[in-house]
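# Structural overview
Residue-level listing of the chains:
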Amino acid sequence: MTLEQDQVFMQAALAEAEAARTLGEVPIGAVIVLDGEIIGRGHNLRETSNDPTTHAEMVAIRQAAAHIGHWRLLDTTLYVTLEPCVMCMGAIILARIPRLVFACRDPRAGAVGSIYDFASDERFNHKVEVSEGVLGGECSKMLSGFFKELRAGKKSQKTL
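Here's a quick rundown of the structure.

Counting 49 residues, the largest nonpolar core has Ile32, Met89 and Leu100 as its most contacted members. Elements supplying a minimum of two residues to this core: helix 1 (3–22), strand 1 (29–34), helix 3 (56–68), strand 3 (76–82), helix 4 (86–94), strand 4 (99–104) and helix 5 (136–158). Once you skip the residues sitting within four places of it in the chain, Ile32 turns out to touch Glu37, Ile38, Ile39, Gly40, Ala60, Ile61, Ala64, Leu73, Thr76, Thr77, Leu78 and Ile97.

Quick look at the structure:
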């Protein structure tokens, strides 16, 4: 994949993040691509579904597996707006996704170098090629804006 192709698919992940934001969810989005076609999409749904496993990556992985009719997502690339957590990296490894592209790091929960680095851990039977920083500024701005609005809303509720 070229940087331009990565940017196109990260834009699709950003659109998913925007869908999460409109629901009041943390704006994180993901898409899974096979042969230049998006076969799975997801955005955070934890608050909406009351399910802690409905991270953007997990939703996209489930959809992609259903699309191809198999749990092994060989020859795919996962694009996600935020560095995956431990749960999501575990699912990425178990699904045999060979390539991960993420936009910005998650210093609180990231499992691709921020806190842990599952992608390069030699103890796993599957290796994940990682590219980071694609549209990182846009994704970071969306996340920081969301949390700024959330904090401002909580402050204004306290003054009522």
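Here is the key point about a regular strand: its side chains alternate between the two faces of the sheet. Summarising the sheet, strand 1 and strand 2 (residues 37–43) pair through 6 bridges and their orientation is antiparallel. Bridging across to strand 2, Leu34 finds its partner in Glu37. Two successive antiparallel strands, strand 1 and strand 2, enclose a turn made up of 2 residues, where Asp35 displays a positive phi of approximately 50 degrees.

Scanning the entire structure with this criterion turns up 7 salt bridges. Between Glu83 and Arg105 there is a salt bridge; the shortest N-O distance is 3.5 Å. Of this pair, Glu83 sits in the loop between strand 3 and helix 4 while Arg105 is found in the loop between strand 4 and strand 5 (129–132), placing the two residues 22 residues apart along the sequence. Classification of Glu83 as buried rests on a relative accessible area of 2%. What makes Arg105 partly exposed here is its relative accessible area of 35%.

Reading the values: the criteria
- Residues numbered from 1 in each chain as written.
- Predicted model: local features only at pLDDT ≥ 70, side-chain atom pairs only at ≥ 80, totals over all residues.
- Heavy atoms only, no water.
- Core = buried A, V, L, I, M, F, W, Y, C linked by side-chain atoms within 4.5 Å.
- Buried < 20%, exposed > 50% of the residue type's maximum accessible area, 1.4 Å probe, protein only.
- Helix = DSSP H or I, 4+ residues; strand = E, 2+ residues; numbered from the N terminus.
- Contact = heavy atoms within 4.5 Å.
- Pairing = 2+ DSSP bridges.
- Salt bridge = Lys/Arg side-chain N within 4 Å of Asp/Glu carboxyl O.

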